[in-house]
Amino acid sequence: MSRIRSAAATLDRRTFLAATGAVGAATGLGLTLGVGGDRPAAAATVPPGPAPAAPEPVQAPAVPRVPYARGTTLGNVATPRGSGGYRRLGDGPGWDRVVRADLAPAHGGRAERRTELASFVQFTDLHLVDVQSPLRYEYLRSETASAWRPQEALSVAGVISLIERVNALPGGPATGAPLSFVMTTGDNTDNNSRLELDWFLTVMSGGRITPNSGSPRRYEGVQDSGLPLYWQPDSALRDSDKQRGFPQLDGFLDAAIRTVHSPGLRMPWYSTVGNHDSLPGGCYAPGDPFFTEIATGGRKLETLPAAEAGRAWKAVKDGLDPRGEDFKELLRSQAKKSRPVTPDERRAPFTRAEYLKAHLDPAYTGPGPHGHGYTADHLAEDRLYYSFPVSDDVLGISLDTTDPGGHYTGSVGEGQLRWLEQTLKDNEKHANAHVLIFSHHTGKTMNNTRPDPARPHERRHGGDELVELLARHPSVVGWINGHSHKNDITPHGSFWEISTASHIDFPQLARVIELVDNHDGTLSLFTTLVESAAPHRTDFTDLSQTGLAALYRELSCNAPAGRTDLAGTPADRNVELLLKRG
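Described below are features of the structure shown in this document. Here the structure is a predicted model, which is why all the values come from computation and not from measurement.

## What to know about the sheet that holds strand β3 (residues 98-100)
Right, on to step 1. Read from one edge to the other, the open sheet built from seven strands follows the order β3-β21-β20-β19-β4-β5-β8, with strand pairing classed as mixed. Looking along the sheet, the strands with just one partner apiece sit at the ends: β3 and β8 (269-272). The average angle at which neighbouring strand axes cross in this sheet is 20°, direction not considered.
Right, on to step 2. Of the strand pairs in this sheet, strand β4 (residues 115-123) and strand β5 (residues 182-185) are connected by three bridges, and their pairing is parallel. In the sheet register, Phe123 faces β5, and the bridge partner there is Thr184.

## Brief notes about helix α5 (residues 194-205)
Right, on to step 1. The end-to-end C-alpha separation of α5 is 16 Å, in line with the 16 Å expected for twelve residues at 1.5 Å each.
Right, on to step 2. Burial within α5 is extensive, with twelve of its twelve residues counted as buried.
Right, on to step 3. With a side-chain oxygen positioned 3.2 Å from the backbone nitrogen of Leu195, the residue opening α5 is Ser193.
Right, on to step 4. Gly206 sits one or two positions beyond α5 and adopts a positive phi of about 105°.

## Topic: helix α15 (residues 545-557)
Right, on to step 1. Taking 1.5 Å per residue, 13 residues should reach 18 Å; α15 reaches 19 Å between its end C-alpha atoms and fits that length.
Right, on to step 2. Most of α15 sits inside the fold, with eleven of its 13 residues counted as buried.
Right, on to step 3. Turning to α15, the residues buried within the fold contact β1 (76-80), β2 (89-93), α4 (155-168) and α6 (252-256).

## Here we look at the pairing of strand β12 (residues 394-398)
Right, on to step 1. Most of β12 is tucked away, with five of its five residues classed as buried.
Right, on to step 2. Neither face of β12 is open: one carries Val394, Gly396 and Ser398, the other Leu395 and Ile397, and all of them are buried.
Right, on to step 3. Sheet topology places strand β11 (residues 386-391) next to β12; five bridges connect them, and they run antiparallel. By the bridge assignment for β12, Ser391 is matched with Val394.
Right, on to step 4. Counted between consecutive antiparallel strands, the loop separating β11 from β12 contains two residues.
Right, on to step 5. Both β12 and strand β14 (residues 434-438) contribute to a ladder of five bridges, which runs parallel.

## With respect to the sheet that holds strand β17 (residues 488-491)
Right, on to step 1. If you walk across this open sheet you meet the six strands as β11-β12-β14-β16-β18-β17, and the pairing is mixed. On the outer flanks of this sheet lie β11 and β17, each paired with one strand and no other. On average, each strand axis in the sheet is inclined to that of its neighbour by 20°, with strand direction left out of account.
Right, on to step 2. Lying on the sheet, helix α13 (residues 414-427) is in contact with β11, β12, β14 and β16 (476-481); it crosses β12 at an angle near 175°.

## Focus: the environment of Gly478
Right, on to step 1. In this fold, Gly478 is placed in strand β16.
Right, on to step 2. For the pair Gly478 and His434, spaced 44 residues apart in sequence, the C-alpha to C-alpha distance is 9.2 Å.
Right, on to step 3. Ignoring anything within four residues of it in the chain, the contact list for Gly478 reads Val435, Leu436, Ile437, Phe495, Trp496 and Leu525.

## Focus on the packing of α4 against α15
Right, on to step 1. Closest axis-to-axis distance for the α4/α15 pair is 8 Å, and the angle between their directions is 100°. One finds that α4 runs roughly perpendicular with respect to α15. Contact residues: Ser155, Ala157, Gly158, Ile160, Ser161 and Glu164 in α4; Gln545, Leu548, Ala549 and Tyr552 in α15.
Right, on to step 2. Among the residues making up the contact of α4 with α15, the classes are represented as five nonpolar, four polar and one charged.

Conventions and cut-offs
Residues numbered from 1 in each chain as written. Predicted model: local features only at pLDDT ≥ 70, side-chain atom pairs only at ≥ 80, totals over all residues. Heavy atoms only, no water. Pairing = 2+ DSSP bridges. Helix = DSSP H or I, 4+ residues; strand = E, 2+ residues; numbered from the N terminus. Axes fitted to C-alpha atoms, helices over the stretch in contact; angles between N-to-C directions. Expected span 1.5 Å × (residues − 1). Buried < 20%, exposed > 50% of the residue type's maximum accessible area, 1.4 Å probe, protein only. Polar contact = N/O pair within 3.5 Å; in protein donor to acceptor, adjacent residues only side chain to side chain. Contact = heavy atoms within 4.5 Å. Parallel < 35°, antiparallel > 145°, perpendicular 65-115°, else oblique. Nonpolar A, V, L, I, M, F, W, Y, C, P; charged D, E, K, R; others polar.

Here is the structure:
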């Protein structure tokens, strides 16, 4: 018997927009932030939406409780063929499910006894990226593979294909229970850009996206620069990537900036914020008008001497320049060497308030809930953390682990930590109320305790302190996060920390998570990884939306200097995680 109820009532998008008088999703953010369409536009008033609060859970439609493997990595996995050079992808064997009894024994017969408590999907590190933004630092590619990736221009098509996959899933793979919602655990955008936020919200809620900025007629970025540091797909130039076997694909850049359509998720979704969503470049303290000037302006730096690149990357990696002062001086000194590009006001970094207003825009409500976890109170309080009902028996808590003082590692402030502790204490007054924690950063990457400029006297707390707090509350069963771009599952005495790989770096995965009561003194957390719906095999002549999504995956597999350990071990992928019932 199932105890699951979905996290929000299903709402027909067309009916909702007609009732509220809202404009289409493709322009909703433009109205909120004063940008929209293909070019900058004047600000306008957004019609009021429904009450800014998550709706009460409602009964999900009944589906057969049948475990399955097809369409997940239990069935098959995109697998590279050959060794060395550019490798093509094909169908490979699936990843088996591993039972982990680190925290509780695996009693026989539990499959016949169990009841479902929660079933949902985690997206993380989508990194929808405006590859033409002048604020990007691709010129650090020689220092780090994350500075520029050959697949990045196709991120929108890739995420749409992931949504298509999730929409087609019949339920939780382990139990067949209905999937109640999707949670994104941060780095939904890449450059903290208004335009990228528009793309993210439109992709999730449904609508048309033109993944282009600057000139409406042509691509203006490093992939048509003629620089051998970057893959030049439309050129015969023997760039460094073609020397490794990358193909020449005539028409690639025109296809990459062509309008695509997202069906939007067919289930409710919630949003957790990451450092790339909050900080310019994912690492610099926000609010500096210089970053807005660079992002929206008409000069783009595309190359840098090796010594300068080395110093710049060390400053980013080691957190030596959290406010970006040295970075600003670098850009000033290199201004004459920068490429002229078409200015675009839509590339401006967004503020915390604009992030919240965009989520509250009724044009992006889709299947709900309105605000996707955030409410008008969060906007008034400048607060990006919240709790929400996952099901009758499970509470979800979404944290804000980005440090506003700068740097890409995280922490939480004293006020948020005390709120979390009180929320856990209040939850324990309700019998059988289990808790799932969501954040962007992992416990290992929360070591940045710089003061928040808006709250300079507030102490910041790292991952060890957060683990200690969660372990004091037996109701906490799982902490679900991303940031590391790697599958990694860690036991913490009484709960599991589940870190999931990104959807920008290979193998580009999302995770289905199911919580069940085994009725023998234990619970099980099932996790099952899924790929996008794009075919594993690519066709270089197919530059359709689906073909681009397939290329997105294959190019990521071949990204030079990309890490090969991001899939994790079998114990970090498709697993059953046992724990004692608190």
